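Listed below, chain by chain, are the residues.
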Amino acid sequence: MVWRLSKIVMCLCLAAFAFLVAFGNITDYGSNFAFVQHVLSMDTTFPGNALMYRSITNPTLWTVGYWLIIVGEGLTCVLFLIAALKLWQARKGSGRQFDDAKGFVVIGATMGFLVWFLGFMVVGGEWFAMWQSSTWNGQEAAFKFYMTMLAVLIFVNQPDRDLA
């Protein structure tokens, strides 16, 4: 039972994390909006770099991009909450029943991976050359986030045995 409870707690922790990130982005909107603005406008990348044609300087598009991030973070939270609930409901069932309840863990981790790997590493980091910025670079933090989610996903998806 301790293994199952651990898996449930880890899902709840990931939900709490995603909630706090989304909540912070909403309640400290200006600071975090500035991050998106600088990354998309590429105004702190290397001077004269050949990738500047990719920059977005339209405030409406900055807002759309920022809200896509917030919605993705919020969905990650909700999906991990549902995952924890499904696992909780199956905690006393057979190994097969508990394994069958893990679907939302996969969906939640996929959503988180989309936000922090695709959004921050691929789009922000590579397309908008965020890696070139010493002040507006969120790649290291994003790496920690999606790797934690992947580690939990791997742990949770280990097959469960029937309780004795």
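Since the model is a prediction, treat every value here as computed from it, not as a measurement.

Participant: Teacher, can you tell me more about the overall build of the protein here?
Facilitator: A count of helices and strands for the protein gives six helices and zero strands. In terms of overall dimensions, the protein has a C-alpha envelope of 65 × 30 × 20 Å along the principal axes. Taken over 164 residues, the protein has a buried fraction of 41%. Nonlocal contacts in the protein, meaning residues at least 24 apart in sequence, comprise 78% of its contacts between residues at least 6 apart. Surface summary for the protein: the accessible area is close to 8900 Å², and the carbon and sulfur share equals 71%. Once the 10 positive and 9 negative side-chain charges of the protein are each reduced to a mean point, those two points are 13 Å apart.

Participant: Sorry if this is basic, but what is going on with the side chain of Thr 76 here?
Facilitator: Its place among the elements puts Thr 76 in helix α3 (residues 59-90). Taking the relative accessible area as the measure of exposure, Thr 76 reaches 0% and is therefore buried. At 3.4 Å, the side chain of Thr 76 forms a polar contact with the backbone nitrogen of Gly 112. Sequence-distant contacts of Thr 76, defined by excluding residues within four places in its chain, comprise Ala 18, Gly 108, Met 111, Gly 112, Val 115, Trp 116 and Met 149.

Participant: Looking at this structure, how should I read the packing of helix α5 (residues 103-127) against helix α6 (residues 139-156)?
Facilitator: The geometry of a pair of packed helices is captured by two quantities: the angle between their axes and the separation between those axes. Look at α5 against α6: their axes get within 9 Å of each other, and the N-to-C directions meet at 155°. In terms of orientation, α5 and α6 fall into the roughly antiparallel class. For α5 against α6, the interelement crossing comes out left-handed. Residues Val 105, Val 106, Ala 109, Gly 112, Phe 113, Trp 116, Phe 117, Phe 120, Met 121, Gly 125 and Glu 126 of α5 touch α6, and the partners they reach there are Gln 139, Ala 142, Phe 145, Tyr 146, Met 149, Leu 150, Leu 153 and Val 156. For the contact of α5 with α6, a count of residues per class yields 15 nonpolar, three polar and one charged.

Participant: Before we go on, may I ask you to explain helix α2 (residues 29-41) in this structure?
Facilitator: Residues spaced three or four apart along an α-helix face the same direction, because each turn holds 3.6 residues. Look at α2: 18 Å from first C-alpha to last across 13 residues, which is about the 18 Å you get at 1.5 Å a residue. For α2, the full list of buried residues reads Phe 33, Ala 34, Phe 35, Val 36, His 38, Val 39, Leu 40 and Ser 41. Looking at the buried side of α2, the elements it contacts are α3 and α5. The positive-phi residue at the C-terminal boundary of α2 is Met 42, with phi of around 60°.

Participant: Just checking my understanding: could you explain the layout of surface pockets for this structure?
Facilitator: Over the atoms, a rolled probe matching the size of one water molecule traces out where space is still vacant. Considering only enclosed or pocket space, the largest pocket measures out at about 500 Å³ in volume. Along the walls of the largest pocket sit 21 residues, with Gly 65, Leu 68, Ile 69, Gly 119 and Val 123 positioned nearest its centre. Where the lining of the largest pocket is concerned, the elements lending two or more residues are α2, α3 and α5. By residue number, the principal contributor to the lining of the largest pocket is α5, which donates eight residues. Grouping the amino acids of the lining of the largest pocket by side-chain chemistry returns 17 nonpolar, four polar and no charged.

Participant: Even after reading the chapter, I still don't get unusual backbone geometry, so can you show me in this structure?
Facilitator: Across the chain, the bulk of peptide bonds are trans and the bulk of non-glycine residues have phi less than zero. Positive phi values are uncommon outside glycine, yet Met 42 reaches one of about 60°. Locating Met 42 in the fold gives a position in the loop between α2 and α3. Judged by relative accessible area, which is 2%, Met 42 ranks as buried. Even without being glycine, Ala 129 reaches a positive phi, approximately 55°. Here Ala 129 lies in the loop between α5 and α6.

Cut-off values and rules
Each residue is numbered by its place in its chain's sequence as written, counting from 1. The predicted nature of this model means local features are confined to residues of pLDDT at least 70 and side-chain atom pairs, given and counted, to a pLDDT of 80 or more, with totals for whole chains, interfaces and linings taken over all residues. To get the side-chain values, all heavy atoms of the structure are used, and hydrogens and water are removed first. Numbering of helices and strands runs from the N terminus; a helix is a DSSP stretch of H or I covering at least four residues, while a strand is a stretch of E covering at least two. With a 1.4 Å probe rolled over the protein chains alone, any residue whose accessible area is under 20% of its type maximum counts as buried; one over 50% counts as exposed, and the rest are partly exposed. Working rule for contacts: check all heavy atoms of both residues, and any pair within 4.5 Å makes them a contact. Residue-level accessible areas treat just the shown protein chains as cover; the underlying method is Shrake-Rupley with a 1.4 Å probe. As used throughout, the charge tally considers Lys and Arg to be positive and Asp and Glu to be negative, leaving His and the chain termini uncounted. All charge positions are set by atom: Lys at NZ, Arg at CZ, Asp at CG, Glu at CD. Polar contacts, as counted here, are pairs of nitrogen or oxygen atoms within 3.5 Å of one another; within protein the pair requires one atom able to donate a hydrogen and one able to accept it, and residues that are adjacent in sequence qualify only if both atoms are side-chain atoms. What counts as an axis is a line fitted to C-alpha atoms, over the stretch in contact for a helix, and the angles between N-to-C directions run from 0 to 180 degrees. Oblique is the label for any angle not covered by the other classes, which are roughly parallel (under 35 degrees), roughly antiparallel (over 145) and roughly perpendicular (65 to 115). The hand of a helix crossing depends on one turn: near helix anticlockwise from the far one by less than a right angle means left-handed, and clockwise means right-handed. Each residue receives one of three labels: charged for Asp, Glu, Lys and Arg, nonpolar for Ala, Val, Leu, Ile, Met, Phe, Trp, Tyr, Cys and Pro, and polar for the others, Gly being one of them. To estimate the expected span of a helix, subtract one from its residue number and multiply by 1.5 Å. The way it works is a 1 Å grid over only the protein atoms, where trapped points that fit a 1.4 Å probe form a cavity and open points with protein on both sides within 12 Å along at least five of seven lines form a pocket, and then any residue with an atom within 4 Å of a point lines it. Grid points are joined across faces, edges and corners, and a volume is the space filled by probe spheres set on the points.

All we've got here are geometric facts, nothing functional implied.
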